[in-house]
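Working through the structure, step by step
Residues per chain are reported as follows:
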Amino acid sequence: DAEEDNGTLTVSLVDGGAPPDLTIAVSNDDGNIVADIATTASLPQGKYFFTVEVEDSLGKTEQAQLWVYVPSGVVAQYKMDETGGPTLVDSSGNGNDGTWVPDPGNSNLPTFGSTEVPAGATGTSVLFNGTDLTWGSAPGDPAFQSGQFTISFWAKSEPQNSWRTPVAHLPSTGEPGGGWIIEYGDDSYGPHAMGFATLTSGGGQNWTNTATIDGEWHHWVGQFDGQNMFLFMDTVPVAARAATYDP
């Protein structure tokens, strides 16, 4: 944000590491200054870290540190718009279809075709009732065992003091290595906080410690670059820490 002075805002890069051919578009969203940063370049896989500075006509400056991790390619895309089970459809074209797993106690599946979707989105979503133990099981693509990955998803949850897991990579029985998990924790890890953890000896847990279970949709991105975990909520970086991971 910047103080309104009816003047001009200047946005510039302060240090290196930014992607090439970078463009910055500034807009005023109901008093909040929004800078959209984009590049038309085809970027190789890797992490890009840079700092952006905003200066108004009164000389007031604010800086923001940004980082972007570019993966090698899309492994799978699950729109969650099925009308029923058992197939969890991969829309990426890579053939990584999964299976909707019913509750072992009553054979119930989640509710398909929910019209509750994020603002501006189309299609439908899948509703989990918080009681049945149901999930979508996707195949273990080797990309998830490469030690570098990005996971992106939308989730909405009502406040509850319990563990809930939107997405995770859990090794099969007998499979070497660990895994990773992004989940809502109970109150022992902060008030209704979302966390990102690597599941391996010597790994770490990464908690936002923010009240994110508020009954609203949020867009989450978890990134692991081989040495560090990063967690974003609604495009804003909310947590980062060094971690190890045995794929």
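Described below are features of the structure shown in this document. (Residues numbered from 1 in each chain as written. Predicted model: local features only at pLDDT ≥ 70, side-chain atom pairs only at ≥ 80, totals over all residues. Heavy atoms only, no water.)

Tallying each qualifying case throughout the model produces one salt bridge. Notably, a salt bridge pairs K156 with E116, separated by 2.6 Å at the nearest N-O pair. Residue K156 is found in strand β11 (residues 149–156), and its partner E116 is found in the loop between β8 (111–114) and β9 (125–127); the two are separated by 40 residues along the sequence. By relative accessible area, E116 is classed as partly exposed at 40%. (Salt bridge = Lys/Arg side-chain N within 4 Å of Asp/Glu carboxyl O. Helix = DSSP H or I, 4+ residues; strand = E, 2+ residues; numbered from the N terminus. Buried < 20%, exposed > 50% of the residue type's maximum accessible area, 1.4 Å probe, protein only.)

Further remarks concern the environment of I181. With respect to the helices and strands, I181 occurs in strand β13 (residues 179–184). With a relative accessible area of 12%, I181 lands in the buried category. Taking the C-alpha atoms as reference points, I181 and A168, 13 residues apart in sequence, are found 4.1 Å from one another.

The next subject is the sheet that holds strand β7 (residues 98–101). What links the strands of a sheet is backbone hydrogen bonding, and the strands pair in either a parallel or an antiparallel sense. Reading across from one edge, β6-β7-β10 is the order of the three strands in this open sheet, with antiparallel pairing throughout. The two strands at the open ends of the sheet, each matched to only one other strand, are β6 (87–88) and β10 (135–137). Pairing of β7 with β10 involves three bridges; the strand directions are antiparallel. When the bridges of β10 are listed, V101 appears paired with W135. (Pairing = 2+ DSSP bridges.)

Spatially, four strands are ordered β11-β16-β17-β18 in an open sheet, and the strand pairing comes out antiparallel. Whereas interior strands pair on both sides, the edge strands pair on one side only; in this sheet they are β11 and β18 (236–242). The average angle at which neighbouring strand axes cross in this sheet is 15°, direction not considered. Note that β11 and strand β16 (residues 217–224) share eight bridges and pair antiparallel. Looking at the pairing, F149 lines up with F224 of β16. (Axes fitted to C-alpha atoms, helices over the stretch in contact; angles between N-to-C directions.)

Turning our attention to the packing of aromatic side chains. Going through the model one piece at a time under the given rule, you end up with four aromatic pairs. Look at W100 and F128: their rings are 6.2 Å apart centre to centre, the planes differ by 45°, and that puts the pair in the tilted class. With W100 in strand β7 and F128 in the loop between β9 and β10, this pair connects stretches of sequence that are 28 residues apart. Under the relative-accessibility criterion, W100 is labelled buried at 2%. Through successive ring pairs, a cluster of aromatic residues spans W100, F112 and F128. (Phe/Tyr/Trp six-rings, centres within 6.5 Å; stacked < 30°, edge-to-face > 60°.)

Let us now look at the environment of V221. Positionally, V221 belongs in strand β16. A sequence separation of 13 residues divides V221 from D234, and the C-alpha atoms of the two residues are 8.3 Å apart. For V221, the contacting residues outside a window of four places in its chain are T150, I151, S152, F230, L231 and F232. (Contact = heavy atoms within 4.5 Å.)

With that out of the way, let us pick up the nonpolar core. Note on soluble globular proteins: their nonpolar side chains tend to be buried together. Residues F153, M194, F196 and W220 are the most contacted members of the largest nonpolar core, which totals 18 residues. At the level of elements, β11, β13, β14 (194–199), β16 and β17 (228–233) are the ones that each hand at least two residues to this core. Per-element tally for this core: the top contributor is β11, with four residues. (Core = buried A, V, L, I, M, F, W, Y, C linked by side-chain atoms within 4.5 Å.)

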